[in-house]
Amino acid sequence: MKLLFATGNKGKLREAGGILGENIEIVSPAELGISGDVEETGTTLLENSRLKAQTLYAASGLDCFADDTGLEVDALGGEPGVYSARYAGDGHDNQANMDKLLRNLDALGPDIPRTARFRTVVTLILDGKEYIFNGTLEGKIAHEKAGCGGFGYDPVFISEAYPGLTLAEISDEKKNAISHRGMALRNMATFLSKYKSCPLDEDDRQDK
Ligand code: IMP
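In this text the structure is predicted, and so the values were computed from the model without any measurement. (Residues numbered from 1 in each chain as written. Predicted model: local features only at pLDDT ≥ 70, side-chain atom pairs only at ≥ 80, totals over all residues. Heavy atoms only, no water.)

Asker: Mind laying out the nonpolar core, listing which residues take part and the relevant values?
Answerer: Judged by nonpolar contacts, the single largest core of 19 residues is most densely connected at Phe65, Leu124, Leu185 and Met188. Mapped onto this core, the elements with two or more residues apiece are strand 1 (2-5), helix 1 (10-20), strand 5 (115-126), strand 6 (129-141) and helix 5 (180-197). Tallying contributions element by element places helix 5 first for this core, with 6 residues. Setting aside anything within four residues of it in sequence, one finds Met188 in contact with Leu3, Leu20, Phe65, Val122, Leu124 and Phe133. (Core = buried A, V, L, I, M, F, W, Y, C linked by side-chain atoms within 4.5 Å. Buried < 20%, exposed > 50% of the residue type's maximum accessible area, 1.4 Å probe, protein only. Helix = DSSP H or I, 4+ residues; strand = E, 2+ residues; numbered from the N terminus. Contact = heavy atoms within 4.5 Å.)

Asker: So, the site of the ligand: which residues are in play, and what are the values?
Answerer: Around the ligand sit 16 residues in total, of which Lys12, Asp154, Lys175, His180 and Arg181 are the nearest. In the environment of the ligand, an oxygen atom lies 2.9 Å from a nitrogen or oxygen atom belonging to the backbone of Thr69. Within the side chain of Arg181, one N or O atom sits 2.6 Å away from a nitrogen atom of the ligand. Contact with the protein chains covers 93% of the free accessible surface of the ligand, which is 480 Å². (Near = heavy atom within 4 Å. Polar contact = N/O pair within 3.5 Å; in protein donor to acceptor, adjacent residues only side chain to side chain. Areas by Shrake-Rupley, 256 points an atom, 1.4 Å probe, with all protein chains shown as cover.)

Asker: Can you break down the packing of helix 1 against helix 5 residue by residue, with the values?
Answerer: Viewed as axis vectors pointing N to C, helix 1 and helix 5 meet at an angle of 50°, and their least axial separation amounts to 10 Å. Judged by the angle between their axes, helix 1 and helix 5 are oblique. Of the two possible hands of crossing, helix 1 and helix 5 adopt the one that is right-handed. Along its contact with helix 1, which presents Lys12, Glu15, Ala16, Ile19 and Leu20, the element helix 5 presents Arg181, Gly182, Leu185, Arg186, Met188 and Ala189. For the contact of helix 1 with helix 5, a count of residues per class yields 6 nonpolar, 1 polar and 4 charged. (Axes fitted to C-alpha atoms, helices over the stretch in contact; angles between N-to-C directions. Parallel < 35°, antiparallel > 145°, perpendicular 65-115°, else oblique. Left-handed = near helix turned anticlockwise from the far one by under 90°. Nonpolar A, V, L, I, M, F, W, Y, C, P; charged D, E, K, R; others polar.)

Take a look at the structure:
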């Protein structure tokens, strides 16, 4: 089946392709000549995820999904969270975001716990109905950036599964197998495979 993914982020598109496999063909808004840009005005990941999916559905009328992801750092009271993309300003500058994060954590002193997690909320719109899927990845913030893979905050995030290595230092395959986005999209794929073989009655749908 074909699904539109409400993103222009090449890293997200690459990862989603690897996670969802051959049974689901991912199409980007750009491929259909639709602008994927949505102002993220929500105050939660769920609101922004729904907003992105609903905007794309309104523009395309096609089955589609969106994700919104935040990095929650415990010592910073859960920041940057839903504001992760704009942590260092409206430029969505990954390097500046990571620099600000490392600076703010370092300012709290060397003994501060650096525990953190990525949280992803995926909204799927299928046959006009909404379905929500969640994923998290626990880990901690590194003391400095390392690695060239991945995207976003990957060079400063060390997962529990690969201690000593940032997400930017492991392969896409390894990241996808443990990641927040991997978990949420695999939940979506499981739902889709059941839905396809046995579409639910209107009363039985598990919409929110
Ligand atoms: P959004 O979901 O596109 O709003 O992403 C929010 C912020 O988190 C952006 O700065 C992204 O680059 C970053 N981000 C999203 N997913 C990941 C990831 O898997 N690894 C690292 N950073 C990510």
